[in-house]
Amino acid sequence: MSLSGTHTPTSRSGRSTPLHLRDVVHDVIRHFRHEKDSEAHRIFRQSAGHKPKGTLPQTINPDEETVPGIEHPGSTGVIYCSDRAMANGFSYASSHEWANLGQGAPEVGQIPEAPPRPTSIPLPVDSLEYAPTTGVKALREAVADLYNQQYRQDKLSQYTFENVCIVPGGRAGLSRVAAVVGDVYCSYQIPDYTAYDQVLSAFKRLVPVPTALDADNGYKLDVEQIRKDIRTQGLEVILASNPRNPTGQVIEGEDLKTLVDVAREASATLIMDEFYSWYLYPEKEEEYGRSLSSAKYIDNVDQDPVVIINGLTKNWRLPGWRVCWVLGPKNLITALSQSGSFLDGGANHPLQLAAIPLLEPDRVLQEKIALQKHFKHKRDHVLQRLKGLGLEVKVPPVATFYIWLSLEHLPAPLNNGLTFFEELLKEQTIVIPGIFFDINPAHRRNLFHSPCHHFVRLSFGPPLEDLDKGLDAIGRVLKKAKKEGGHAFGHSYKKSIDGVHQLDKLI
């Protein structure tokens with residue numbers, strides 16, 4: 001205890017003396033030395049919007065201050081990694097030359113036993129007008145009917161078009177929801193979808209309350225801990241992906257039912273990102289074609305505080321259409337119409353009309369079965385090849401098309417995600433460093449202290465031949481490490497694209 005009777009913090013050195021300014025400065029310097037000595041980390045920090053905040057006084061970067069009052073919010077992982085790939089010669093015009101194991105989208109071509117892919121879009125004259133900010137009524141009805149057929153056949157309370165808002169992409173849906181939420185404590189998990197970081201940073205009325213998920217527990221969402229946090233911390237909003245990006249885990253059955261029950265009983269809003277709800281990999285043949293949604297456990301669609309975000313992006317493998325939806329109580333949908341009027345203006349009108357027949361239940365079942373068989377084969381193939389490279393996945397994915405790969409047993413500096421990522425760029429392969437899934441809205445954490453620092457996310461969304469190309473590249477890097485040791489890595493990275501005109505050429 002100090003003389004004033006208050007507790008004296010113990011310094012990191014273990015001394016029980018008061019933590020003076022000198023100790024604080026030395027502590028900060030020691031922490032930052034790690035990032036300073038890593039070329040990959042310096043490149044990341046020099047990128048607009050990715051400087052650390054709240055630890056040392058900020059200096060003005062002229063590149064970020066050319067327009068007064070404008071701040072860079074920082075890019076999501078996929079965008080940053082694509083920019084870095086372009087600096088190393090990647091071009092969307094010749095993307096086949098690279099293995100993009102970082103992409104957050106599934107392959108979009110024809111797969112075995114799936115319905116034919118859309119090849120043309122009708123353009124009736126009326127579709128050239130703006131669509132309503134809540135979306136085309138016929139599509140809203142189709143979404144409601146599909147959820148009732150898939151998850152609510154035994155329920156008295158049924159979704160109608162008034163419970164559905166069509167939005168131009170999942171991020172737009174999240175942004176519309178965040179824009180209508182008041183000043184509340186918002187629970188989220190680490191690791192999780194990278195865009196949550198930007199949403200929680202931009203919409204400052206959401207006060208973020210993190211929970212770290214543990215590999216030893218299979219990255220399982222602890223429903224009882226959420227119940228306790230609602231009671232003791234006053235949580236009013238819970239934000240989660242299910243199935244989970246990037247770990248490939250899922251909460252379903254009684255656990256999912258309990259989570260919905262907890263939200264209802266505590267009057268806490270549950271926002272469920274269910275974009276990977278079809279990417280489940282059953283062991284039994286008769287289980288193919290099933291999917292999951294919290295909609296199954298909602299009692300009253302207009303009273304239960306459960307918000308579902310989904311769309312054509314992942315399940316229908318149509319990311320370029322940007323046609324998604326938010327389901328929830330009617331009063332939420334009217335609020336989303338208002339926020340959409342100033343945030344995004346609504347989804348593409350012709351593509352909304354083209355989406356309607358894709359939601360026909362028989363076609364949906366065929367899509368599900370084909371998708372699950374095809375992506376399960378790719379998952380098993382990648383896991384087997386990683387095992388052959390000596391990269392055992394501690395918690396293999398049971399859902400999504402992602403593998404959360406730990407690098408901690410590799411020699412330094414390959415054992416951190418940013419350096420591993422930069423080395424693979426030299427091999428024309430893209431992965432996503434784990435730090436992008438450390439939802440850290442204040443950006444105060446030293447990267448080396450992140451629980452996600454020693455991970456990368458691998459996507460088995462691309463076609464099989466691209467996956468093998470990327471795995472071959474990983475094999476070359478590991479072979480080089482075995483032959484030359486750690487000194488061969490961590491340096492000689494290309495810094496950036498030379499000028500805007502070069503970027504235009506690449507795009």
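Residues numbered from 1 in each chain as written. Predicted model: local features only at pLDDT ≥ 70, side-chain atom pairs only at ≥ 80, totals over all residues. Heavy atoms only, no water.

Colleague: Describe the overall build of the chain, listing the residues and the values that go with them.
Modeller: When helices and strands are tallied, the chain shows 14 helices and twelve strands. The burial tally for the chain puts 53% of its 507 residues in the buried class. For the chain, the share of sequence-separated contacts (at least 6 apart) that also reach a separation of at least 24 residues comes to 77%. Summed over all atoms, the accessible surface of the chain reaches about 23400 Å², with 54% contributed by carbon and sulfur. (Helix = DSSP H or I, 4+ residues; strand = E, 2+ residues; numbered from the N terminus. Buried < 20%, exposed > 50% of the residue type's maximum accessible area, 1.4 Å probe, protein only. Contact = heavy atoms within 4.5 Å. Areas by Shrake-Rupley, 256 points an atom, 1.4 Å probe, with all protein chains shown as cover.)

Colleague: Lay out the sheet that holds strand β7 (residues 306-311) in plain terms, naming residues and giving numbers.
Modeller: Judged by pairing direction, the sheet is mixed, and its seven strands sit side by side in the order β2-β8-β7-β6-β5-β3-β4 without closing on themselves. The sheet terminates laterally at β2 (164-167) and β4 (206-212), the two strands that pair on one side only. If you compare each strand with its neighbour and ignore which way they point, the axes differ by 20° on average. As judged from the seven bridges shared by strand β3 (residues 184-190) and β4, these two strands associate in the parallel manner. (Pairing = 2+ DSSP bridges. Axes fitted to C-alpha atoms, helices over the stretch in contact; angles between N-to-C directions.)

Colleague: Describe the environment of Ala144, listing the residues and the values that go with them.
Modeller: Within the element layout of this structure, Ala144 appears in helix α4 (residues 137-151). Once the C-alpha coordinates of Ala144 and Tyr159 are considered, the two residues, 15 residues apart in sequence, prove to be 5.2 Å apart.

Colleague: Describe the packing of helix α7 (residues 223-233) against helix α8 (residues 253-266), listing the residues and the values that go with them.
Modeller: Contact pair α7 / α8: the axes reach a minimum separation of 10 Å and the direction vectors enclose 10°. Taken as axis vectors, α7 and α8 run roughly parallel relative to one another. Note on element contacts: α8 touches α7 through Asp255, Thr258, Leu259, Val262, Glu265 and Ala266, opposite Val223, Glu224, Ile226, Arg227 and Ile230. Its residues assigned to classes, the contact of α7 with α8 shows six nonpolar, one polar and four charged. (Parallel < 35°, antiparallel > 145°, perpendicular 65-115°, else oblique. Nonpolar A, V, L, I, M, F, W, Y, C, P; charged D, E, K, R; others polar.)

Colleague: Go over the pattern of salt bridges, please, and point to the residues and values.
Modeller: Following the criterion strictly, the structure yields 25 salt bridges and no others. Across the pair Arg264 and Asp299 runs a salt bridge whose closest N-O atoms are separated by 3.5 Å. Of this pair, Arg264 sits in helix α8 while Asp299 sits in the loop between β6 (269-273) and β7, and the two are 35 residues apart along the sequence. The class of Arg264 is partly exposed, set by a relative accessible area of 22%. Classification of Asp299 by relative accessible area gives partly exposed; the value is 44%. One continuous salt-bridge network, built from bridges that share partners, spans Lys257, Asp261, Arg264, Asp299 and Asp304. (Salt bridge = Lys/Arg side-chain N within 4 Å of Asp/Glu carboxyl O.)

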